[in-house]
Amino acid sequence: MIVRTMMLLGTFLLLSGCAMFGQSYTKPEVRLANVEMLKANMWEQSFRLRLRVDNPNSRSLPIRGMHYEVYLNDARLATGVSDRAFTVPAYGSQHFDLEVRSNLWRHLGDLARMVDRQQPMTYRIEGHIRTGMFFSPRLTLREQGTLDPANLKF
């Protein structure tokens, strides 16, 4: 009898735990706030990407990791993963930095000319964000916009 009661109680706890971890979120907005070149040589460039996450939800949004690809003018700037964990408050925003490495050798001339001429550049960020723990949802990340070279730090 005690074993049955314990199994029944365990089942209820498991089901309520799944419901708690499976809560759905409205997709957060992720924007590229800045691109800063840290160092560059002929074979590899290092950048710091500053991203801003806006949480439109009435509860905090735990970010536990992400996979991303970043494009500037359709040239892939970076791809990678981040295990940096942070929480975006309810109806709030949070900035975070990603340090990425890339090889833009074949695109460097075009990008330098665009910066020199102060031509706007398009960007696109694609990937997935892992929220919470265990059975929590994985959010699809797909954001695009335009960067003004006058506002970038090089």
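Quick caveat, the model's predicted, so the values are computed rather than measured. (Residues numbered from 1 in each chain as written. Predicted model: local features only at pLDDT ≥ 70, side-chain atom pairs only at ≥ 80, totals over all residues. Heavy atoms only, no water.)

Caption draft 1: Quick peek at the pattern of salt bridges. Enumeration according to the criterion identifies nine salt bridges in this entry. Here Asp54 and Arg52 are joined by a salt bridge, their closest N and O atoms 2.9 Å apart. For Arg52, a relative accessible area of 27% gives the class partly exposed. Via salt bridges that share partners, Glu29, Arg31 and Glu143 belong to a single interconnected network. (Salt bridge = Lys/Arg side-chain N within 4 Å of Asp/Glu carboxyl O. Buried < 20%, exposed > 50% of the residue type's maximum accessible area, 1.4 Å probe, protein only.)

Caption draft 2: View of the confidence of the model for the chain. The share of residues in the chain with pLDDT of 70 or more is 74%, and the mean pLDDT across the chain is 76. Mean pLDDT across the elements of the chain ranges from a minimum in helix α1 (residues 2-21), with 50, to a maximum in strand β5 (residues 86-88), with 91. Predicted confidence is poor over residues 15-22, with pLDDT under 50, and the contacts of this stretch with residues over four places away or in other chains come to seven contacts. (pLDDT = per-residue confidence, 0-100. Helix = DSSP H or I, 4+ residues; strand = E, 2+ residues; numbered from the N terminus. Contact = heavy atoms within 4.5 Å.)

Caption draft 3: Region of the structure containing the packing of aromatic side chains. Counted under the stated rule, the structure contains one aromatic pair. Aromatic pair Phe86 and Phe96: ring centres 4.8 Å apart, planes at 35°, arrangement tilted. A residue pair is termed long-range when its members are at least 10 positions apart, and Phe86 in strand β5 and Phe96 in strand β6 (residues 93-102) qualify at ten residues. The same class applies to Phe86 and to Phe96, which are both buried. (Phe/Tyr/Trp six-rings, centres within 6.5 Å; stacked < 30°, edge-to-face > 60°.)

Caption draft 4: The nonpolar core, seen in detail. Among the nonpolar cores identified, the biggest contains 26 residues, and Leu32 and Leu49 are the most heavily contacted of them. For this core, the secondary-structure elements that each account for two or more residues are β1 (29-40), β2 (45-54), β3 (61-72), β4 (75-82), β5, β6, β7 (121-131) and β8 (138-147). Of the residues forming this core, the biggest block, six residues, is contributed by β3. Excluding anything up to four places from it in sequence, Leu49 contacts Leu32, Asn34, Val35, Val70, Leu77, Phe96, Asp97, Leu98 and Val100. (Core = buried A, V, L, I, M, F, W, Y, C linked by side-chain atoms within 4.5 Å.)

Caption draft 5: Geometry of the environment of Gly92. Here Gly92 shows up in the loop between β5 and β6. In this structure, the C-alpha to C-alpha distance between Gly92 and Arg59, residues 33 residues apart in sequence, is 9.6 Å. Setting aside residues up to four positions removed in sequence, Gly92 forms contacts with Val53, Asp54 and Asn55.

Caption draft 6: Examining the sheet that holds β2 more closely. The three strands lie next to each other as β1-β2-β6, forming an open sheet whose pairing is antiparallel. In this open sheet, the two strands that pair with only one neighbour each are β1 and β6. Going from strand to strand, the sheet's axes swing by 20° on average, the running direction of each strand aside. Note: β1 against β2, ten bridges, orientation antiparallel. Residue pairing across strands places Arg31 opposite Arg52, the latter belonging to β2. (Pairing = 2+ DSSP bridges. Axes fitted to C-alpha atoms, helices over the stretch in contact; angles between N-to-C directions.)

Caption draft 7: Representation of unusual backbone geometry. At Tyr91, a residue that is not glycine, the phi angle is positive and equals roughly 50°. Turning to its location among the elements, Tyr91 is positioned in the loop between β5 and β6. Classification of Tyr91 as exposed rests on a relative accessible area of 61%.

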